[in-house]
Amino acid sequence: RAIEVSCNYFFYDVGRRTGIDTLVEYANLFGLGESSGIELPERTGAVGSPARSEELGQTWYEGNVLNVAIGQDNTQVTPLQLANYIATLVNGGTRYATHLLKEVRDSASGEVIYTHEPEILSTVEIDPKNLDAVKKGMLGVTTGDGSAARYFKNVGVQVGAKTGSAQISAQSESNAVFVCFAPYDDPQIAMAIVVEHGGSGSELGAIAAEILRYYFADK
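Right, let's walk through the structure included here.

So, how was this worked out
- Residues numbered from 1 in each chain as written.
- Predicted model: local features only at pLDDT ≥ 70, side-chain atom pairs only at ≥ 80, totals over all residues.
- Heavy atoms only, no water.
- Helix = DSSP H or I, 4+ residues; strand = E, 2+ residues; numbered from the N terminus.
- Contact = heavy atoms within 4.5 Å.
- Areas by Shrake-Rupley, 256 points an atom, 1.4 Å probe, with all protein chains shown as cover.
- Salt bridge = Lys/Arg side-chain N within 4 Å of Asp/Glu carboxyl O.
- Buried < 20%, exposed > 50% of the residue type's maximum accessible area, 1.4 Å probe, protein only.
- Polar contact = N/O pair within 3.5 Å; in protein donor to acceptor, adjacent residues only side chain to side chain.
- Phe/Tyr/Trp six-rings, centres within 6.5 Å; stacked < 30°, edge-to-face > 60°.
- Lys NZ or Arg CZ within 6 Å of the ring centre and 35° of its normal.
- Pairing = 2+ DSSP bridges.
- Axes fitted to C-alpha atoms, helices over the stretch in contact; angles between N-to-C directions.
- Core = buried A, V, L, I, M, F, W, Y, C linked by side-chain atoms within 4.5 Å.

If you tally the helices and strands in the chain, you get 7 helices and 7 strands. Each helix (α) and strand (β) of the chain, taken in turn from the N terminus, gives the series α-α-α-α-α-β-β-β-β-α-β-β-β-α. With respect to the principal axes defined by its C-alpha atoms, the chain has extents near 60 × 40 × 40 Å. Across the chain, every contact between residues at least 6 apart in sequence was considered, and the portion connecting residues at least 24 apart equals 57%. Accessible surface, the chain: about 12800 Å² in total, of which carbon and sulfur atoms supply 50%.

Moving on to the pattern of salt bridges. The full count for this structure, using the stated rule, is 7 salt bridges. Across the salt bridge formed by arginine 52 and glutamate 55, the nearest N and O atoms sit 3.0 Å from each other. Residue arginine 52 and its partner glutamate 55 are located together in helix α3 (residues 50-55), separated by 3 residues, close to a single helical turn. The exposure class assigned to arginine 52 is buried, which follows from its relative accessible area of 14%. Residue classification places glutamate 55 among the exposed residues on the basis of a relative accessible area of 60%. Between arginine 150 and glutamate 203 there is a salt bridge; the shortest N-O distance is 3.2 Å. Taken together, the residues span a long stretch of sequence, with arginine 150 in the loop between α6 (128-142) and β5 (160-166) and glutamate 203 in the loop between β7 (189-195) and α7 (205-218) at a distance of 53 residues. Judged by its relative accessible area of 47%, arginine 150 falls in the partly exposed class. Through salt bridges with shared partners, one network takes in Asp13, Arg16 and Arg17.

Glancing now at the side chain of asparagine 74. With respect to the helices and strands, the residue asparagine 74 is situated in the loop between α4 (64-69) and α5 (79-90). The class for asparagine 74 is buried, based on a relative accessible area of 16%. Setting aside chain neighbours within four positions, we find asparagine 74 in contact with Ala46, Gly48, Arg52, Ser53, Leu56 and Gln58.

Take the side chain of asparagine 84 next. If you trace the backbone, asparagine 84 turns up in helix α5. A distance of 3.1 Å separates the side chain of asparagine 84 from the backbone oxygen of tyrosine 96, its partner in a polar contact. If near-sequence neighbours (up to four positions away) are discounted, asparagine 84 is found in contact with Arg95, Tyr96 and Thr98.

So, about the packing of aromatic side chains. Taken as a whole and assessed by the stated rule, the structure comprises 6 aromatic pairs. With 5.0 Å between their ring centres and 75 degrees between their planes, phenylalanine 10 and phenylalanine 11 make a pair best called edge-to-face. Note on phenylalanine 10: relative accessible area 44%, which makes it partly exposed. Judged by its relative accessible area of 23%, phenylalanine 11 falls in the partly exposed class. Geometry around tyrosine 184 places lysine 135 over its ring, the cationic atom sitting 5.0 Å from the centre.

Along the chain, the position of threonine 44 falls in the loop between α2 (20-29) and α3. When the C-alpha positions of threonine 44 and glycine 33 are compared, they lie 5.2 Å apart, and in sequence the two are 11 residues distant. Other than its neighbours up to four places away in sequence, threonine 44 contacts Gly33, Glu34, Ser35, Gln76 and Gln81.

Taken in spatial order, the 3 strands of this open sheet run β5-β6-β7, and their pairing is antiparallel. At either margin of the open sheet sits one strand with a lone partner, and together these are β5 and β7. Each adjacent strand pair in this sheet contributes to an overall mean axis angle of 10 degrees, direction not counted. With 7 bridges joining them, β5 and strand β6 (residues 175-182) adopt antiparallel strand pairing. Looking at the pairing, lysine 162 lines up with valine 179 of β6. Strands in contact with α6 are β5 and β6; relative to β5, the strand with the most contacts, it is inclined by about 80 degrees.

Residues Ile20, Val47, Leu89, Met138 and Phe181 are the most contacted members of the largest nonpolar core, which totals 22 residues. Counting only elements with at least two residues in this core, the list comes to α2, α4, α5, α6 and β6. When residues in this core are grouped by element, the largest group, 4 residues, is from α5. Discounting residues that sit within four places of it in the chain, isoleucine 20 has contacts with Gly48, Ser49, Pro50, Trp60, Val65 and Val68. By size, the runner-up hydrophobic cluster in this structure holds 19 residues, among which are Ala148, Ala161, Ala182 and Phe216.

In structure tokens form, the structure reads like this:
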């Protein structure tokens, strides 16, 4: 339920109990603040931590771990990292290098002369019951009384999702964030959508649902 309703207080306590070192370790294993492996130049961002605060000339306080636990403080991640994070989660914990290139063909004959082979960057051991709990929380966002449920009634497959509002400053509207995967029982696609100054992430459910309808209709 904490995932379904975005209960910050629950995750504050998770962060307090877990501690910053373990939070950063697992965030990095899932690819946050790390290179994705894509064939283009990219920003890797960072996960909030004592080292990150020191790097920015700031003072780290123990209470900062609460903000890191909900993705704030000095944490900066890319939409690509978020999409790969979700893919890693729902495939059971194997993080693959992101890539654009599938294969290279000879321009004259059309013969395949190179095929990209999957590259594993890290693995996360996830207890199946814990993964099931996270997935059920994400399913709750798109079903029943979930904040984005109204957008996913006619997608044709069950979808797991999470909304987010990435705060920038007190004077600016938050960036709206939405991540999802589908189908729920046999994931084939993971997405991350970000709208700068978009406010509530739940409103991005309409965009995600339209993309998924198109994707699975084509299938």
